[in-house]
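# Observations on the model geometry
Each chain, written out:
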Amino acid sequence: MSTEWKVPKMADLAAAGKEPEILFWVGCAGSFDARAQKVTVAFTKILNECNIDFAILGQEESCTGDPARRAGNEFVFQMTALQNIETLNMYKVKKIVTACPHCFNTLKNEYPALGGNYEVVHHTQFLQNLIDTGKLTIKGGGVFQGKKITYHDSCYIGRVNGVYEAPRKILEQLDNQLVELKRCKTNGLCCGAGGAQMFKEDEPGDKRINMERTEEILDSGATIVAANCPFCITMLQDGVTASEKQDDVMVYDLAELIVNNNGIH
Amino acid sequence: MLLQQIFFALVTIYLSYRAFNLFSRIRRNILLGEDEDLTDNAPQRWKNVFLIAFGQKKMFKRIVPAVLHFFIYAAFLATQIELLEILIDGFFGVHRFFADKIGFLYPVIISTIEILSFLAMIATVVFLIRRNVLKIDRLHKPEMKNWPTIDANLILFGELALITGIVCMNGADVCLQEVDPQNYHHTGFFAISSWMGPLLFGWMDAGFLQIVERFGWWLHIGTVLAFLNYLPISKHLHIMLAFPNTYYAKLNSRGEMTNMPSIMNEVKSMMGIGDAADAEAPPADEELPAFGSNDIFTLSWKNIMDAYTCTECGRCTSVCPANMTGKKLSPRKIMMDIRDRAEEVGANMDCGESQYIKEEVRATAKKITKENYDDGKSLFDYISKEELHACTTCNACVEACPVMINPLEPILKMRRYEILTDSAGPKDWVPMFTSIENNGAVWQLPDARDKWTEELN
């Protein structure tokens, strides 16, 4: 297929006097991390396929400030957050979708106190809504039919924001065998990246947190791990690779699973 | 009889007064924290109290300890009726005051108490076994050494004493109703002591039975009064604080860290946005304000109430990803440390020595207040930076706590102190901070943020 994938930018639309329905907040990982970029691309393709009226901020987007705030650096958080809110309010943004649970949480729960009020959805919720409203159909008999898939609840989508069902509903439609991990939903185990851990070495201990989670994943017998967070994907992929199971167990974002299932290329 | 009445009144009033003072002291210690308004949305707060505190909803995530604990909890609630009767009997020198006033309800109530007490006894024995024989992992972490373990066992033995008291008191009473109906009126059938009383005490004569009855009665009320005075130095305080602690638990999203308006306004005026841009800059000679928390005075009162409510069950620590992978962080220890520090400060304030007043105001200060307190120590003497740095903010501890304690909040407040006031923190974080500040991204990369769009087609 030679579809031309479009990624409109807010500034261009504004110059043409247009306001898109929804802003796709890409996030630092989605923009720069080679692995997370693939998720960004997959989600962009779905947005295109479903004819969603969206745009990105592009160069005008900054880190939401989540890791700085959780590390304790409120100054850096406020600087980047207030800058973002200036930009978002300038474009009169009302609705935001993001594929990063940390961006999602900060935009949704922390920006209001700073003067940024938006309707924020995570891409798993957005995708589920596309399916519910018939805009997106998951093709039957896809590549995942009969495969054993497990789902890793990220802390900031799961326990922190209480989204457990939307991602699972999507997985059920992929015609696979969903196996739950021992620690799931409210009891889900962290991948080890949150709270700015991603950006520093571990404190002394006898194991890395991502290895603890990876062992549980390997025990489940699943060959595919569905995740919803770029940082979880990095941590779990590292764990799988360190266990030398990278040929047997694949770590994917839900958007990638849909793209692969539906053959959107 | 009159002598007993006077003795009872003196002991009860004295021990209640003493307990009241100890509780007032804890209230004072809690209020050493910063003010925080947690009174919005009262209907939701009452709902939480009903479901989580009274209903024990969060306990039931672990079914075995939840059911066992529920027996003890239900017995505790039901026994309050019997306790009320004991107090009336004690003060007015009567015997089983309610017996001839509420008719058939009396044996129903007493039977309920007896059945629940029997279940509570089983639960207590199982708890002793879990703690001391099976050595359940979460009950044997490093912070549980010495006093916390003794404390836990003392509470369980105290519960056995309460139940023993009821068995003796009711069992002997049932026997006495047969041999001395003049003084021991028939009360109706008691579910357990009506058959267990004769079995245990049936061989005794009236005099002996009276001794056993009085022994049980005094053992029960004595243990209650002892508990009342013991609670303020024990993890068992949760039987009281669980209720207000649940009521005052934060209702906003777990994902929201408390905003710091002072920093927000400063950054706003720096960036020249909003009303803050017009506000005058603070005078330059003013002392740099401290941000975050290094001691109980800069935690909120709710953080300190959390610490006093903690019953050291360790559910938080057992689900903490850092702790289970061998890091030093234990959310339970954080709460125990805050409580211990509050106790230390409280004790120093009570002793009133001027060495605990800041040097610069020592000459003029009349007494120790939370504003002028200084003992040269802080929470950092209890909680190490290594512990603080290990937290992933995953909220598993917050989710796990059955009494709505939030161990994450003080951890993050102390991180703020370390970074903002001490300008310290893990050096690995510095590039992330500078990169966000200078490039608007967590990594310092040469590429444009939207470079991925170029490779899309």
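Scoring rules and cut-offs
- Residues numbered from 1 in each chain as written.
- Chains lettered and ligands numbered in written order.
- Predicted model: local features only at pLDDT ≥ 70, side-chain atom pairs only at ≥ 80, totals over all residues.
- Heavy atoms only, no water.
- 1 Å grid on protein atoms, 1.4 Å probe; cavity = no way out; pocket = protein on both sides within 12 Å on 5 of 7 lines; lining within 4 Å.
- Points joined across faces, edges and corners; volume = space filled by probe spheres on them.
- Helix = DSSP H or I, 4+ residues; strand = E, 2+ residues; numbered from the N terminus.
- Nonpolar A, V, L, I, M, F, W, Y, C, P; charged D, E, K, R; others polar.
- Pairing = 2+ DSSP bridges.
- Axes fitted to C-alpha atoms, helices over the stretch in contact; angles between N-to-C directions.
- Parallel < 35°, antiparallel > 145°, perpendicular 65-115°, else oblique.
- Contact = heavy atoms within 4.5 Å.
- Salt bridge = Lys/Arg side-chain N within 4 Å of Asp/Glu carboxyl O.
- Buried < 20%, exposed > 50% of the residue type's maximum accessible area, 1.4 Å probe, protein only.
- Domains from an automatic or database assignment.
- Buried area = accessible area lost by both parts, 1.4 Å probe.

Our focus in this paragraph is the layout of surface pockets. Residue and element names in this part refer to chain B. What the largest pocket holds in volume is close to 1200 Å³. Secondary-structure elements contributing two or more residues to the lining of the largest pocket are α2 (42-54), α3 (63-92), α4 (105-132), α5 (147-179), α7 (206-230) and α8 (238-247). When residues of the lining of the largest pocket are assigned to their parent elements, the largest contribution, ten residues, is made by α3. Counted by class, the lining of the largest pocket contains 32 nonpolar, eleven polar and seven charged residues. Taken as a whole, the second largest pocket holds about 890 Å³ of empty space.

Paired through their backbone hydrogen bonds, the strands of a sheet run either parallel or antiparallel. Residues and elements named next belong to chain A. Pairing is parallel across the open sheet formed by four strands, whose spatial order is β6-β5-β7-β8. Strand pairing shows two members of the sheet lacking a second neighbour, β6 (177-179) and β8 (250-253), which therefore form its edges. Strand after strand, the sheet turns through a mean of 35 degrees between neighbouring axes, direction not considered. Where strand β5 (residues 148-151) meets strand β7 (residues 224-227), three bridges bridge the pair, whose relative direction is parallel. Bridging from a neighbouring strand, I149 pairs with I224 of β7.

Another point: the packing of α5 of chain B against helix α6 (residues 193-201) of chain B. Residue and element names in this part refer to chain B. Orientation of α5 relative to α6, taken along the N-to-C sense of each, is 85 degrees, at an axis distance of 8 Å. Viewed along their axes, α5 and α6 adopt a mutual orientation that is roughly perpendicular. Residue-level contacts link V167, C168, N170, G171, A172, V174 and C175 of α5 to S193, S194, M196, G197, P198, L200 and F201 of α6. Of the residues belonging to the contact of α5 with α6, the class tally is nine nonpolar, five polar and no charged.

So, on to the pattern of salt bridges. A full pass over the atoms with the stated rule returns 44 salt bridges over all chains. The salt bridge involving D173 of chain B is made with R96 of chain B; its shortest N-O contact spans 3.3 Å. Taken together, the residues D173 of chain B in helix α5 and R96 of chain B in the loop between α3 and α4 connect sequence positions 77 residues apart. Of the two residues, D173 of chain B and R96 of chain B, both sit in the buried class. Three or more residues are tied together by salt bridges with common partners; here these are D66, R69, R70, E74 and E110 of chain A together with R416 of chain B.

Turning our eyes to something else, we now look at the pairing of strand β1 (residues 22-25) of chain A. All names here are of chain A. Side chains I22 and F24 project from β1 onto one buried face, and the interleaved L23 and W25 project onto a second face that is buried too. Sheet analysis places β1 next to strand β2 (residues 54-55), joined by two bridges and oriented parallel. Directly across from L23, in β2, lies its bridge partner A55. Relative to strand β3 (residues 95-98), β1 is paired through three bridges, and the arrangement is parallel. Each residue of the ladder has a partner; that of W25, found in β3, is T98.

Let's shift gears to the domain arrangement of chain A. Residue and element names in this part refer to chain A. Structurally, chain A comprises domain 1 (10-129) and domain 2 (137-262). For domain 1 versus domain 2, the distance between C-alpha centres works out to 23 Å. On the domain 2 side, the residues contacting the 26 residues of domain 1 number 28 residues. When the area that domain 1 buries against domain 2 is broken down by residue, the three leading residues are R35, H102 and Q128, summing to 25%. There are one salt bridge connecting domain 1 and domain 2.

Another aspect to go through is the sheet that holds β2 of chain A. All names here are of chain A. One open sheet accounts for four strands, arranged β2-β1-β3-β4; its pairing is parallel. Strand pairing shows two members of the sheet lacking a second neighbour, β2 and β4 (119-122), which therefore form its edges. Pairing analysis gives four bridges linking β3 to β4, with the strands arranged parallel. Bridge pairing links T98 to H122 in β4. Its contacts with the sheet put helix α6 (residues 101-110) on β1, β3 and β4, and the angle it makes with β4 is roughly 160 degrees. Across the sheet, helix α7 (residues 123-132) touches β1, β3 and β4, and the angle it forms with β4 is around 85 degrees.

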